[in-house]
Amino acid sequence: GKFYYERAAEQGYIHAYYKIGMLYFYKKGVEQDYLKAKEYFDMAAEQNDPKALNMIGYMYDCEIGVKRDYDKAKEYFEKAVKLDLAVAHNNLGRILANGNGTPPDYLRAKLLFKKSSKLGNARGSFLLAGLYFNGHGIKQDFKKAIKYYKKAAELNFSPAICFLGDIYYKGL
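All figures in this text were calculated on a predicted structure; none of them were measured in a lab.

Visitor: Requested: an account of the nonpolar core, with residues and values cited.
Guide: The biggest cluster of nonpolar side chains holds 52 residues, and the ones touching the most others in it are Y18, F25, F41, Y149 and A160. The element best represented in this core is helix 8 (residues 122-134), accounting for seven residues.

Structure below.
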C-alpha cells in the first residue's frame, strides 16, 4: 500500500497523504508512529482534506501522539464539518455535548448529530437519539429517540440495535 500511496502523493493526489498517515496511525505494513501519521495528516490537511482534518482533531481530542487540546480538536473538527464529513459532525458534537472545559452546548451538538444523520451516518443517528432519550439540553422525547435509534439500527449499528432491545425489554 505505502509504495502506491507515495506514488499517488508524488503525482499531486493529496488524499494519498491521508492514506499514508492512516498506515502509520494503525500500524498497517509500517511501524506505528503517531508523529509520522500526524505529519502526513498535516500535509493533506493543508489542502483541506476533510478526513485528515478530522484525524488531527481526533488526535488532539484523544491525546494520541500530541498533548490533549480540546480547542485545537474543535478547530480541526470545525474545518472538516465545513467540508461535510459526517464523522467530524459527530466528533465536534460529542465535544460540545460533553463540555470538556466549557459549558455543554447541547443545541449545537443536536444540530451536528442531525446533520450527520442526514448524511447517512449511523453513529450520528445514535448520538442524536441519545440526546432525545436522556433529554440532555433538549426536551426529552422518547418517540424521536426511538426514531433515530431505529434509523441507526437500519444501518446495522450494533449499539443502536442493542439499545432498542433494551428499550423494548424494559417496556419504555
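The discussion continues.
Visitor: Help me get a handle on the pattern of salt bridges, residues and values and all.
Guide: One pass over the full model with this rule turns up seven salt bridges. Note that K2 is salt-bridged to E6, the shortest N-O span being 3.2 Å. With a gap of four residues between them, K2 and E6 both fall in helix 1 (residues 2-10), about one helical turn apart. Taking the relative accessible area as the measure of exposure, E6 reaches 28% and is therefore partly exposed. The closest approach of N and O atoms between E75 and K79, which form a salt bridge, is 3.8 Å. One end of the pair is E75 and the other is K79, both in helix 5 (residues 70-82) and four residues apart, which spans about a single turn. On the accessibility criterion, K79 (35% relative accessible area) is partly exposed.

Visitor: I'd like a description of the side chain of D61, backed by residues and values.
Guide: Within the element layout of this structure, D61 appears in helix 4 (residues 50-62). When its relative accessible area of 4% is taken as the criterion, D61 is described as buried.

Visitor: Lay out a positive patch on the surface with the relevant residues and their values.
Guide: Taken together, K118, K139, K144, K147 and K151 make up a surface patch of like positive charges. Considering each element in turn, the positive patch owes the most residues, three residues, to helix 9 (residues 142-154). Along the chain, the position of K147 falls in helix 9.

Visitor: Please provide a residue-by-residue account of helix 3 (residues 34-45), values included.
Guide: Under the 1.5 Å per step criterion, the end-to-end length of helix 3 is 16 Å for 12 residues, consistent within 8% with the ideal 16 Å. Every buried residue of helix 3 is listed here: A37, K38, Y40, F41, A44 and A45. The arc enclosing the buried residues of helix 3, seen along the axis, measures out at 165°, which places them on a common side. Those residues of helix 3 hidden inside the fold are in contact with helix 2 (15-26) and helix 4. N-cap assignment for helix 3: the residue whose side-chain oxygen lies 3.1 Å from the backbone N of L35 is D33.

Visitor: Give a detailed account of the packing of helix 4 against helix 5, specifying residues and quantitative values.
Guide: Between helix 4 and helix 5, whose axes approach to 8 Å, the crossing angle comes to 160°. By the angle between their directions, the pair helix 4 and helix 5 is classed as roughly antiparallel. In this structure, helix 4 meets helix 5 at a crossing whose hand is left-handed. Note on element contacts: helix 5 touches helix 4 through Y70, K72, A73, Y76, F77, K79 and A80, opposite P50, L53, N54, I56, G57, Y58, Y60 and D61. In terms of residue class, the contact of helix 4 with helix 5 is made up of 10 nonpolar, two polar and three charged.

About the criteria used
- Residues numbered from 1 in each chain as written.
- Predicted model: local features only at pLDDT ≥ 70, side-chain atom pairs only at ≥ 80, totals over all residues.
- Heavy atoms only, no water.
- Core = buried A, V, L, I, M, F, W, Y, C linked by side-chain atoms within 4.5 Å.
- Buried < 20%, exposed > 50% of the residue type's maximum accessible area, 1.4 Å probe, protein only.
- Helix = DSSP H or I, 4+ residues; strand = E, 2+ residues; numbered from the N terminus.
- Salt bridge = Lys/Arg side-chain N within 4 Å of Asp/Glu carboxyl O.
- Patch = residues over 30% accessible without salt bridge, like charges linked within 9 Å, V, L, I, M, F, W, Y side chains within 5 Å.
- Areas by Shrake-Rupley, 256 points an atom, 1.4 Å probe, with all protein chains shown as cover.
- Lys, Arg positive; Asp, Glu negative; His and termini not counted.
- Charge placed at Lys NZ, Arg CZ, Asp CG, Glu CD.
- Expected span 1.5 Å × (residues − 1).
- Arc of directions from axis to C-beta.
- Contact = heavy atoms within 4.5 Å.
- Polar contact = N/O pair within 3.5 Å; in protein donor to acceptor, adjacent residues only side chain to side chain.
- Axes fitted to C-alpha atoms, helices over the stretch in contact; angles between N-to-C directions.
- Parallel < 35°, antiparallel > 145°, perpendicular 65-115°, else oblique.
- Left-handed = near helix turned anticlockwise from the far one by under 90°.
- Nonpolar A, V, L, I, M, F, W, Y, C, P; charged D, E, K, R; others polar.

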